[in-house]
Amino acid sequence: GENVEQHPSTLSVQEGDSAVIKCTYSDSASNYFPWYKQELGKRPQLIIDIRSNVGEKKDQRIAVTLNKTAKHFSLHITETQPEDSAVYFCAASRNNAGNMLTFGGGTRLMVKP
Amino acid sequence: ETGVTQTPRHLVMGMTNKKSLKCEQHLGHNAMYWYKQSAKKPLELMFVYNFKEQTENNSVPSRFSPECPNSSHLFLHLHTLQPEDSALYLCASSQDARAGGYTFGSGTRLTVV
């Protein structure tokens, strides 16, 4: 089955700096890669996703890149703000296996004001 | 509310008790999922239902028993649990079993004593 590794497990940045979180996956057939943000005591929420037919996607301060050859994808947050502090999860799935997301272990991002 | 409601929010039960977790979605989605979130572990897929049919049982012990009477409701019946089953149980839904983003509920924080 799919295995998703996520690094780092914790990340501390100064407000205004950029943050990068990286994930690798094992199943070359995976073709959908979402990212979720979970604030303390709240539900995970989808913040951005990318499909295997594109290499990069941006949404304001958030971007995701995908390298299918290397089987890794990354989340980039620019101009970080204290409200970006949360746990971020990457995930992967493939169409013909149903929509069964396999999640990475999570990254706790702390943005210091 | 994001359209996925879970009850109860918190549950404390003894190892000999029987209890049920409930999930309801108002989004018109056809696929529903149970995930377990433990401290310092990735989100673990437990069960997948697509159009009321169970399509995945991810090697979950029989003390967890899911039920999906219709596409809007999902239950997780619990009996003779162990302390290590204490975790946050998250329900999610998506449009169907093809790849796409999940909408998560707020979860049930379960403590087994």
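Let us look at the structure shown here. Bear in mind that the values here come from a model prediction, so they are computed numbers and not experimental data. (Residues numbered from 1 in each chain as written. Chains lettered and ligands numbered in written order. Predicted model: local features only at pLDDT ≥ 70, side-chain atom pairs only at ≥ 80, totals over all residues. Heavy atoms only, no water.)

1. A closer look at the overall build of chain B
Okay, so step 1: A count of helical and extended segments in chain B gives zero helices and eleven strands.
Okay, so step 2: When the elements of chain B are put in sequence order from the N terminus, they spell out β-β-β-β-β-β-β-β-β-β-β.
Okay, so step 3: For a compact globule of 113 residues, the expected C-alpha radius of gyration is about 13 Å, and chain B comes in at 13 Å, within 12% of that figure.
Okay, so step 4: Counting the 113 residues in chain B, one finds 49% classified as buried.
Okay, so step 5: Partitioning the intrachain contacts of chain B with sequence separation of at least 6 by distance along the chain shows that 54% fall at a separation of at least 24.
Okay, so step 6: A total of about 5300 Å² of accessible surface is found on chain B, and carbon and sulfur atoms cover 48% of it. (Helix = DSSP H or I, 4+ residues; strand = E, 2+ residues; numbered from the N terminus. Rg over C-alpha atoms; globule rule 2.2 N^0.38 Å. Buried < 20%, exposed > 50% of the residue type's maximum accessible area, 1.4 Å probe, protein only. Contact = heavy atoms within 4.5 Å. Areas by Shrake-Rupley, 256 points an atom, 1.4 Å probe, with all protein chains shown as cover.)

2. A closer look at the interface of chain B and chain A
For an interface, size is often stated in terms of accessible area lost upon the parts coming together.
Okay, so step 1: Every contact between the two is made by 24 residues of chain B and, on the other side, 18 residues of chain A.
Okay, so step 2: Along the contact surface separating chain B from chain A lie zero salt bridges.
Okay, so step 3: Applying the counting criterion to the chain B and chain A interface returns eight residue pairs in polar contact (both at pLDDT 80 or more).
Okay, so step 4: Those elements giving two or more residues to the side of chain B that touches chain A turn out to be strand E4 (31-37), strand E5 (44-50) and strand E9 (87-94) of chain B. (Salt bridge = Lys/Arg side-chain N within 4 Å of Asp/Glu carboxyl O. Polar contact = N/O pair within 3.5 Å; in protein donor to acceptor, adjacent residues only side chain to side chain.)

3. As for the pattern of salt bridges
Okay, so step 1: Per the stated rule, a full pass over the model turns up three salt bridges over all chains.
Okay, so step 2: Across the salt bridge formed by Asp49 of chain A and Lys57 of chain A, the nearest N and O atoms sit 2.9 Å from each other.
Okay, so step 3: Overall, Lys57 of chain A belongs to the partly exposed group, its relative accessible area being 34%.
Okay, so step 4: Asp85 of chain B is paired through a salt bridge with Arg63 of chain B; the nearest N and O atoms lie 2.7 Å apart. With Asp85 of chain B in the loop between strand E8 (73-79) and E9 and Arg63 of chain B in the loop between strand E6 (53-57) and strand E7 (64-70), the pair connects residues that are 22 residues apart, well separated along the chain.

4. Observations regarding the nonpolar core
Okay, so step 1: Core analysis: the largest hydrophobic core is formed by 23 residues, its most contacted members being Trp35, Phe73, Leu75 and Leu109 of chain A.
Okay, so step 2: Mapped by element, the contributors of at least two residues to this core are strand E2 (10-14), strand E3 (19-25), strand E4 (32-38), strand E5 (45-51), strand E7 (62-67), strand E8 (72-77), strand E9 (86-92) and strand E11 (107-112) of chain A.
Okay, so step 3: Residues Val4, Cys23, Phe64 and Val112 of chain B belong to the second largest nonpolar core, which totals 22 residues. (Core = buried A, V, L, I, M, F, W, Y, C linked by side-chain atoms within 4.5 Å.)

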